[in-house]
Amino acid sequence: MSHTDQIPFAYPDLVANPEPRCPCLLLLDTSGSMSGRPIEELNAGLHTFKEELMSDAMAMQRVEVALMTFGPIRVISEFQTADLFQPPTLATTGDTPMGGAIVQGLEMLEARKATYKQAGVGYYRPWVFLITDGAPTDSWQHAAAMVRAGDSQERKAFSFFAVGVEGADMTKLSAICSPNRPPMKLKGLSFRELFSWLSSSLGGVARSQPGQLVALPAPSGWSSV
Amino acid sequence: MPGVGGGEVLIAAVSDGAGTAKRSEAGSSLAVARFLQDFGAAVAADPSLTSIDRLFADEWLDSVRNEIAQLAAEEGNQRQDYACTLLGAVVGRSGAVYVQIGDGAIVVAGEEVGEYNWIFWPQHGEYANSTNFLTQEQTAETLLFETGPSVDEIAIFSDGIERLVLDLSTKTVHSPSFRPIFKWLAGTEPNDDRQPSPALIAYLGSDHVNRRTDDDKTLVMATRAVAD
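Analysis parameters
Residues numbered from 1 in each chain as written. Chains lettered and ligands numbered in written order. Predicted model: local features only at pLDDT ≥ 70, side-chain atom pairs only at ≥ 80, totals over all residues. Helix = DSSP H or I, 4+ residues; strand = E, 2+ residues; numbered from the N terminus. Buried ≥ 20, exposed ≤ 12 C-beta atoms within 10 Å, placed from the backbone. Contact = placed C-beta atoms within 7 Å. Nonpolar A, V, L, I, M, F, W, Y, C, P; charged D, E, K, R; others polar. Expected span 1.5 Å × (residues − 1). Arc of directions from axis to C-beta. Core = buried A, V, L, I, M, F, W, Y, C linked by C-beta atoms within 7 Å. Axes fitted to C-alpha atoms, helices over the stretch in contact; angles between N-to-C directions. Left-handed = near helix turned anticlockwise from the far one by under 90°. Pairing = 2+ DSSP bridges.

## Quick word on the overall build of chain B
Check the secondary structure of chain B and you find 7 helices and 10 strands. Relative to its full complement of 228 residues, chain B shows a buried share of 36%. The contacts of chain B with a sequence gap of at least 6 include a subset with a gap of at least 24, amounting to 71%.

And the structure:
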């Protein structure tokens, strides 16, 4: 294959940094019910996330973060390495089109994997992290089917985690999540602890080697039984 | 090792133990020792290498897996506790034989001076932290076997070195990474002290290398060339 067949620098970030990527998609509920302390703590959590990833030299170059909020469904940031990720200050917005957000997010993730493959950049099994304090206000059956098909023993396309904040409909979340990965309940508003756990976990995945089971830190700091 | 007919034959192998497989060090030592011993005996008996074929390699692999299974039983472990990759080469006067299971790669001098080619592309599944091990089932399909002409320069390395010397987007060897090391190697005196080269250790331990990877790094290189 000659170099003239390729578009040079079509994905400059993947050329400049060819480290294998550990993609993490955040799907965050910013509906009206999150207003006040919940959204403040969520924003603080995002800052903790960025700080902790930056303190880990390998995670900084390998973990890629994309951030979407709902509703309305918005892509706040596309996939980029942690060093380039700027935590936004989120405000509360509208309703909770969780189904649509999940579908769009998973499609964005597949597109990113295709780009990695084109660039010859390796990647780890992606994480999708949904945080919500409510229930979907849109149709979510298609989203559930996509999650269960992708986060399965057969396909292992991604790992889908859902965290319910006080008031969340855990039954609906259980119907969306893979049976092997039931939704977790957030202890109070411990978003900082949650994001600290997430950055450690991603750091572990990002440096894992073939044949190694990644031991995740216990989520006891932020999840309630 | 001197071969019949006066030519020297090179037999080299690299095995990388799997992550936290608790006895992976034993598995990889065994795999390398058996490769050197059994392929060594085969080439001593047949310097043309023609009897070292796919069938020989498959049967050899079965026998090594059985030995690991026996060791596992003795030690009260599972076979996968000894999981490791394997890359091996036999280079004779008129031909060469290569085998591989897993990641890492074997690279040899190409036809053009200063150009290098890979024998097998590293075996990775979809994800960067997945590969094949010689202890797993279905190794008859995952064992890669190739024969080729004899070569004067060869390098065998584990996955920690891949990103330094392989261009993943074009699936080629990044030859400029190898040229200076082979040139340096050609200028050294052969020695039998069985110690790893201090210069290579320094290179593999350097910031330049370790900024890019914290995987284990294994590299074996050989050359018949002599520096001018």
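After presenting the structure, the write-up continues.
## Focus: the interface of chain A and chain B
In this complex, chain A contributes 18 residues to the contact, which on the side of chain B involves 19 residues. Looking at the side of chain A that touches chain B, its residues break down into 10 nonpolar, 6 polar and 2 charged.

## Considerations on helix α2 (residues 37-54) of chain A
All names here are of chain A. Given a rise of 1.5 Å per residue, 18 residues ought to cover 26 Å, and the 26 Å separating the end C-alpha atoms of α2 matches this to within 8%. Every buried residue belonging to α2 is among P38, I39, L42, G45, L46, F49, E52 and L53, and all of these are buried. For α2, the arc enclosing every buried residue in end-on projection is 140°, short of the 170-degree limit, so these residues lie on one face. Those residues of α2 that are buried lie in contact with β1 (22-29), α3 (57-62), β2 (63-70) and α7 (191-206).

## Some remarks on the environment of C84 of chain B
All names here are of chain B. Checked against the element boundaries, C84 lands in the loop between α2 (54-75) and β2 (86-91). Judged by C-beta crowding, with 27 C-beta atoms within 10 Å, C84 ranks as buried. Along the chain, C84 and L134 lie 50 residues apart, while their C-alpha atoms are 6.1 Å from each other. Residues contacting C84, with those up to four places away along its chain left out, are S15, D16, G17, A18, S24, G27, S28, A31, F133 and L134.

## A short note on unusual backbone geometry
Cis geometry is adopted by the peptide bond preceding G71 of chain A, which originates at F70 of chain A and carries an omega value of -5°. With respect to the helices and strands, G71 of chain A occurs in the loop between β2 and β3 (74-81). Between G71 of chain A and the following residue, P72 of chain A, the backbone shows a cis peptide bond with an omega angle of -5°. A positive phi angle, close to 70°, is found at L49 of chain B, a residue other than glycine. On the secondary structure map, L49 of chain B appears in the loop between α1 (24-45) and α2. With phi around 55°, K171 of chain B is a residue other than glycine that occupies positive phi space. Residue placement: K171 of chain B occurs in the loop between β8 (166-167) and β9 (172-173). You can call K171 of chain B exposed: it has 11 C-beta atoms within 10 Å.

## Re the nonpolar core
Membership of the largest hydrophobic core comes to 65 residues, with the highest contact counts inside it found for C24, L27, V63, I102, V128, F129 and L202 of chain A. With 8 residues, α7 of chain A is the single largest residue contributor to this core. Among the nonpolar cores identified, the runner-up in size contains 51 residues, and F39, L86, A105 and F182 of chain B belong to it.

## As for α7 of chain A
An ideal rise of 1.5 Å per residue puts 22 Å on 16 residues; α7 of chain A measures up with 22 Å between its terminal C-alpha atoms. When α7 of chain A is considered as a whole, its buried residues turn out to be F191, L194, F195, W197, L198, S199, S201, L202, G203, V205 and A206 of chain A.

## Considerations on the packing of α1 of chain B against α2 of chain B
All names here are of chain B. Where α1 contacts α2, the axes come no closer than 11 Å and their chain directions differ by 140°. Where α1 crosses over α2, the handedness of that crossing is right-handed. Side by side, α1 and α2 meet where A26, G27, L30, A31, R34, D38 and A42 of the first sit next to F56, W60, V64, E67, I68 and L71 of the second. The class makeup of the residues in the contact of α1 with α2 is 9 nonpolar, 1 polar and 3 charged.

## A look at the sheet that holds β1 of chain A
Residues and elements named next belong to chain A. Judged by pairing direction, the sheet is mixed, and its 7 strands sit side by side in the order β3-β2-β1-β4-β5-β6-β7 without closing on themselves. Every other strand in the sheet has two partners, leaving β3 and β7 (223-224) as the edge strands with one partner each. In this structure, β1 lies alongside strand β4 (residues 127-132), joined through 5 bridges in parallel fashion. Bridge pairing links L25 to V128 in β4. The sheet strands contacting helix α4 (residues 98-119) are β1, β2, β3 and β4, and the helix crosses β1 at an angle near 165°.

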